[in-house]
Amino acid sequence: MPTPKLRFDHVHKDFTVRDDTRGRGARTLFTALDDFTLDVPAGELLTVVGPSGCGKSTLLDLLAGLTQPSSGAILLDGQPLTGPGLDRGVVFQQYALLPWRTARANVELGLEAKGLSRARRSEISGRYLDLVGLSGFEQRYPHELSGGMKQRVAIARALAFEPEVLLMDEPFAALDAQTRETLQDELLRIWRATGTTIVFITHGIDEALYLGQRVAVMSPRPGRLRTVIDVDLDRSRSDDIRSDPEFGRLRHRVWTELHSPAGTPDEAETDLLPLHATLEPARA
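Residues numbered from 1 in each chain as written. Predicted model: local features only at pLDDT ≥ 70, side-chain atom pairs only at ≥ 80, totals over all residues. Heavy atoms only, no water.

Asks: Just checking my understanding: could you explain the packing of aromatic side chains for this structure?
Replies: Working definition: an aromatic ring pair is given by the centre-to-centre distance plus the angle between the planes. Under the defined criterion, the tally for this structure stands at three aromatic pairs. Aromatic side chains F8 and F36 sit 5.3 Å apart centroid to centroid with 80° between the ring planes, which places their arrangement in the edge-to-face category. Of the two residues, F8 is situated in strand β1 (residues 6-19) and F36 in strand β2 (residues 27-40); the sequence distance between them amounts to 28 residues. Across this residue pair, the class does not change: F8 and F36 are buried. Ring plane angle 50° and centroid distance 5.7 Å describe the contact between F172 and F200, whose orientation is recorded as tilted. (Phe/Tyr/Trp six-rings, centres within 6.5 Å; stacked < 30°, edge-to-face > 60°. Helix = DSSP H or I, 4+ residues; strand = E, 2+ residues; numbered from the N terminus. Buried < 20%, exposed > 50% of the residue type's maximum accessible area, 1.4 Å probe, protein only.)

Next comes the structure, spelled out in structure tokens:
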């Protein structure tokens, strides 16, 4: 079998919890992810869905190299990830655009890091702004753009340096329903045009099914991979795939997995962290 583009190999992530209500310096162990194992083939659009606090964003931070697993490994083309890199692009929920830079200049950030000439940066940024439907808005600043347009700039920026994998952390959650659906369609169009491997984090069942070739369903904290569901929908038959009976059947299946009884006592735990607790990576 070919080497997967991404491999999660028994990934486990602990944090230590500092809780001043239990005494100065008191600490306890908090498990965010437990034994997460999954292969993602090249070119797949994988969606990851789970309840709040299940470790979805921790998973993306690990993928981005912003933190390291407590045990296990994440492999990209067979090589362990050891930190951030230009082989991965990240799109966050809150755009993260630099307000003093135009749309074009924001897209060129990663290209500057690659040391490309000004002319080459201009050519590439223009191409990707066109890809996300923002031709004519190159010189606009973020405050002159709508929320949906800002997220298009963020997507163009992440794609412009041609990463191996695009990581998306609930990028449409802050948008209104109509804009969200429009950008979902745009993302599918861009994915088909580029063939980029995408890992898309969401808490929405409909969004997970509409976008994903497969849906990875996570358990409540500590985050474990509960199941992976293949999404075999004939998108050519209907413009409104969400009204397809098969979409409804798959939606019920994901809903059932999310609401099924916990498999272990730990998984059943739903208590929040103490009010004054803060998290820091667990020390070996």
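Asks: Explanation requested: the nonpolar core in the structure shown.
Replies: Side chains of nonpolar character tend, in soluble globular proteins, to be buried together. Among the nonpolar cores identified, the biggest contains 50 residues, and V153, I155, M168, I198, F200, L209 and V254 are the most heavily contacted of them. Residues from two domains meet in this core; each of domain 1 (6-87 + 163-259) and domain 2 (96-161) gives at least three. With sequence-adjacent residues up to four places away left out, L209 is seen in contact with V215, V231, L233, R235, F247, L250, R251 and V254. Judged by nonpolar contacts, the second largest core, of 24 residues, contains F36, L38, V40 and L60. (Core = buried A, V, L, I, M, F, W, Y, C linked by side-chain atoms within 4.5 Å. Domains from an automatic or database assignment. Contact = heavy atoms within 4.5 Å.)

Asks: Would you mind showing me how to read the packing of helix α4 (residues 118-131) against helix α5 (residues 147-160) here?
Replies: A pair of packed helices is characterised by two quantities: the angle between their axes and the separation of those axes. As a packed pair, α4 and α5 sit with axes 9 Å apart at the nearest point and diverge in direction by 135°. Put simply, α4 runs oblique to α5. As for the relative orientation of α4 and α5, their crossing is right-handed in sense. Contact residues: I124, Y128, L129 and L131 in α4; V153, A156, L159 and A160 in α5. Split into classes, the residues belonging to the contact of α4 with α5 amount to eight nonpolar, no polar and no charged. (Axes fitted to C-alpha atoms, helices over the stretch in contact; angles between N-to-C directions. Parallel < 35°, antiparallel > 145°, perpendicular 65-115°, else oblique. Left-handed = near helix turned anticlockwise from the far one by under 90°. Nonpolar A, V, L, I, M, F, W, Y, C, P; charged D, E, K, R; others polar.)

Asks: So what exactly am I meant to see when it comes to the sheet that holds strand β8 (residues 197-202) here?
Replies: Hydrogen bonds between backbone groups are what pair the strands of a sheet, and the pairing can be parallel or antiparallel. Taking strand neighbours across the sheet as the criterion, the six strands line up as β6-β7-β8-β3-β9-β10 in an open arrangement whose pairing is mixed. In the strand order of this sheet, the two ends are held by β6 (88-91) and β10 (225-230), each with one partner. Averaged over neighbouring strand pairs, the angle between their axes works out to 20° when direction is ignored. Pairing between strand β3 (residues 45-49) and strand β9 (residues 214-218): four bridges, direction parallel. Looking at β9, one finds that T47 is bridged to V215. Here helix α1 (residues 56-64) sits on the sheet and contacts β3, β6, β7 (165-169), β8 and β9; the angle it forms with β7, its principal contact strand, is near 150°. Helix-sheet contacts for helix α6 (residues 177-194) involve β3, β7 and β8, and the interaxial angle to β8 is about 160°. (Pairing = 2+ DSSP bridges.)

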